[in-house]
Each structure stands twice: as structure tokens, then as C-alpha cells.
Amino acid sequence: MATNVTNATKVHTVSTMQEAKEQIHSFIAQGYAKDQLFVLAHDKDRTERLAEATDTERIGLEEEGVMATVANLFRSRGKELRAKMQSVGIRASEAERLEKELDLGRIVVIAWGGKPYVNDDYDPLISYYPPFLI
């Protein structure tokens, strides 16, 4: 992973592939490397198409670790998505909220700060757009 990039994780929820592309370009302009950028959709095929169209990575072994990657083979898509989001520092409650957005056809674009997370560990400094107020 590149060394001269920001280490803050940012999560944006968008509606279209064009908005996802624009957000990816914005993150790159902010200094994020392409291997720190992820897009997620509820449908696995749509996620693949989005990742290919935006030239972004898939949250996988490096971010999730071996155990979570293997466990995802047996999880429902919703649980798999939440686990993927949690592996990049998103709190479980936020992952649930974002997964509901994915259920509605939205796209989650993540600029990952680079620190792996396991179990209940999360990044309290993640910024979300649109902001989520508790």
C-alpha cells in the first residue's frame, strides 16, 4: 500500500455508478491509493461490475483476514457485507445501517485508512456522507 496517503477512513453512500466514479476520483485527488478504495452494492454481480468500472479493489483477504474470508463463504449476503465493512473499521451498528442502504439499491464507496480491524474493534473517527446522526 502507498505510504504517502491519508490514514482517515471515509464512507460515502451514493445512488449511481456515475456518482461512485466521481467519489472515487475525489478520493484519489485527496491522496488515497487505488488499493484503498472499495465499492459495495447489495448484489454481488453489481459489486463486481462497479469495482471493474471504477477500477477499485474488492474487500478481501488482506482486509478481512483468513478466518473472515472463509466464514463469508457460508454467510448470507447481508452478513457478508456487514463483515466486509467491519473489517475496514466500520462499527457493527453503522454496517447494519449501510447494509439497509444497500438493500435500497444504493452504493457504498469506501476510502480505507489502511488499518485492519478484527472482532468488535472499530474506527471511531470514520466520516460518513451523508452524515448519520444518532
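Residues numbered from 1 in each chain as written. Predicted model: local features only at pLDDT ≥ 70, side-chain atom pairs only at ≥ 80, totals over all residues. Heavy atoms only, no water.

## Examining the packing of aromatic side chains
Here comes step 1: The tally for this structure, following the rule as stated, stands at two aromatic pairs.
Here comes step 2: Measuring from centroid to centroid gives 5.6 Å for F27 and Y32, while their planes differ by 70 degrees, and the two rings are edge-to-face. The pair F27 / Y32 is uniform in exposure class, with both members buried.
Here comes step 3: Between F38 and W112, the ring centres sit 6.1 Å apart and the planes meet at 50 degrees, which makes this aromatic pair tilted. With F38 in strand β2 (residues 37-40) and W112 in the loop between β3 (107-111) and β4 (127-129), the pair connects residues that are 74 residues apart, well separated along the chain. Here the two residues F38 and W112 agree in accessibility, since each one is buried. (Phe/Tyr/Trp six-rings, centres within 6.5 Å; stacked < 30°, edge-to-face > 60°. Buried < 20%, exposed > 50% of the residue type's maximum accessible area, 1.4 Å probe, protein only. Helix = DSSP H or I, 4+ residues; strand = E, 2+ residues; numbered from the N terminus.)

## Considerations on the sheet that holds β2
Here comes step 1: The four strands lie next to each other as β2-β3-β1-β4, forming an open sheet whose pairing is mixed. Both outer strands of the open sheet, β2 and β4, are each paired with one neighbouring strand and no more. Strand-to-strand, the axes of this sheet are offset by a mean angle of 15 degrees, without reference to chain direction.
Here comes step 2: Two elements, strand β1 (residues 10-14) and β4, share three bridges in a ladder whose sense is parallel. Looking across to β4, one finds that V11 is bridged to Y128.
Here comes step 3: In the packing of helix α2 (residues 44-54) onto the sheet, contacts are made with β2 and β3, and the angle to β2 comes to roughly 145 degrees. (Pairing = 2+ DSSP bridges. Axes fitted to C-alpha atoms, helices over the stretch in contact; angles between N-to-C directions. Contact = heavy atoms within 4.5 Å.)

## So, the side chain of T47
Here comes step 1: Counting through the fold element by element, T47 comes out in helix α2.
Here comes step 2: The exposure class of T47 is buried, given its relative accessible area of 7%.
Here comes step 3: Discounting chain neighbours no more than four positions away, the residues touching T47 are V39, L40, A41 and R77.

## Examining the environment of V118
Here comes step 1: The residue V118 is located in the loop between β3 and β4 in this model.
Here comes step 2: Residue classification places V118 among the exposed positions, given a relative accessible area of 55%.
Here comes step 3: When the C-alpha positions of V118 and V88 are compared, they lie 8.8 Å apart, and in sequence the two are 30 residues distant.

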